[in-house]
Amino acid sequence: MIKIKTKEEIELMRESALIVSKTLGELAKEIKPGITTLQLDKIAEESIRDQGAIPGFLGLYDFPNTLCMSPNEQVVHGIPNNTPLVEGDIISIDCGALKNGFYGDHAYTFAVGEIAPETEQLLKITKESLYVGIRAFKANNRVGDVGFAIQNYCESHGYGVVRELVGHGLGSKMHEDPEMPNYGRRGRGKKFVEGMVVAIEPMINMGTQRIRQHKDGWTITTLDNKPSAHFEHDVALVDGKPELLSTFAYIYDALGITSHEEDEFRKAPLTL
Ligand code: MG
Ligand code: MG
């Protein structure tokens, strides 16, 4: 059952989403060759707690850390460890926060120093597919419209769209109805309704769409060990249109990047 949020609840969810956004911005400043994913995990936990929230993933389904840290061929759900990042890596960071009874949940794939051009292209297209999907999250559309948009965009670039892992409704639970696959058929699935909040999160592989789970019960990697990217935003349906609750602006601020990709999904410019 889809849980519709009131205007007040959406504002609380915006607060939780922005706590994650700010935390990702803090991490962006620290990501460089030599730092370990466990060090980054500590920075994230501190940032979330300093903002009066609780790490959303820590203990959720018994996950052991604050961040899901998935380098290179890992798709999602990687566990932070003591291995230093090296130049040329990519690292997908998924972060959750709980405040006022509502979750924020969003993700970004970072480059560590200089990366290969074909990997750069994977990140670019995956992030673009996130916005292609968000654009389809509007009144009278259905779950399949978002999935189709993402799948079509990514497959047209020759990439593999992971089937086993999907986006989701978001609220007082991390995973609410509906499931939001990154593949689908136009006009199929549940209809979008005003006041819905969803996490849209393409997980896109450079090669095969197929994945495997590690013995640790968490880590998911591509079957061909080629790189995978993951970008995620929290989005509310307001006045029939998608409105971003989360933002990559803190990341871009840290990295010195100018971007207008989020402008169409905001009523007013965001002040950092
Ligand atoms: Mg997430
Ligand atoms: Mg999610």
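Our structure's up above, just so we're on the same page.
Read on for an overview of the structure.

### Side note on the coordination of the magnesium ion (ligand 2)
- Around the magnesium ion (ligand 2), the donor atoms from the protein are Asp105 (OD), His168 (NE2), Glu201 (OE) and Glu232 (OE), and they sit 2.1 to 2.2 Å away.
- Spacing between the donor residues of the magnesium ion (ligand 2) along their common chain follows D-x62-H-x32-E-x30-E.
- Here the magnesium ion (ligand 1) and the magnesium ion (ligand 2) are spaced 3.1 Å from one another, each receiving a donor from Asp105. Separated by 33 residues along the polypeptide, His168 in strand S7 (residues 167-169) and Glu201 in the loop between strand S9 (197-200) and strand S10 (203-205) bring together distant segments of the chain. An identical accessibility class is assigned to His168 and Glu201; each is buried.

### As for the packing of aromatic side chains
- Tallying each qualifying case throughout the model produces 9 aromatic pairs.
- Ring geometry for Tyr108 versus Tyr252: centroids 6.2 Å apart, planes at 75 degrees, classification edge-to-face. Here Tyr108, found in strand S5 (residues 102-111), pairs with Tyr252, found in helix H5 (residues 249-255); they are 144 residues apart in sequence, far enough to count as distant.
- We classify Tyr108 as buried; its relative accessible area is 7%.
- Residue class for Tyr252 comes out buried when judged on its relative accessible area of 7%.
- Between Phe231 and Phe248, the ring centres sit 6.3 Å apart and the planes meet at 75 degrees, which makes this aromatic pair edge-to-face.

### Structural notes on the pairing of strand S4 (residues 90-99)
- Among the 10 residues in S4, 9 count as buried, and that is most of the element.
- Pairing analysis gives 2 bridges linking strand S1 (residues 54-55) to S4, with the strands arranged antiparallel. For Ile54, the partnering residue across the bridge sits in S4 and is Leu98.
- As paired strands, strand S2 (residues 67-71) and S4 are joined by 5 bridges and run antiparallel to one another. Note on S4: the bridge partner recorded for Pro71 is Ile91.
- As judged from the 10 bridges shared by S4 and S5, these two strands associate in the antiparallel manner. Paired with Ile91 across the two strands is Phe110, which belongs to S5.

About the cut-offs
Each chain carries its own residue numbering, running from 1 in the direction its sequence is written. As a convention, the first chain written is A and the first ligand written is 1, with the rest following in written order. Side-chain atom pairs in this predicted model are given and counted only at pLDDT of 80 or more, local residue features only at pLDDT of at least 70, and totals for whole chains, interfaces and linings cover all residues. Think of the side-chain values as coming from all heavy atoms in the structure, minus any hydrogens and water. Any N, O or S atom lying within 2.8 Å of the metal counts as a donor, and for Na, K and Ca the limit rises to 3.2 Å; water is left out, so some sites can look incomplete. Strands are runs of DSSP state E lasting at least two residues, helices are runs of H or I lasting at least four, and both sets are numbered from the N terminus onward. Burial classification: accessible surface area is computed with a 1.4 Å probe over protein chains only, and a residue below 20% of its type maximum counts as buried, one above 50% as exposed, and the rest as partly exposed. Working definition: a ring pair exists when centres of Phe, Tyr or Trp rings (six-membered ring for Trp) sit within 6.5 Å. Plane angles under 30 degrees give stacked, over 60 give edge-to-face, the rest tilted. Should DSSP find at least two bridges between two strands, the strands are taken to pair.

Geometry only, nothing functional implied.
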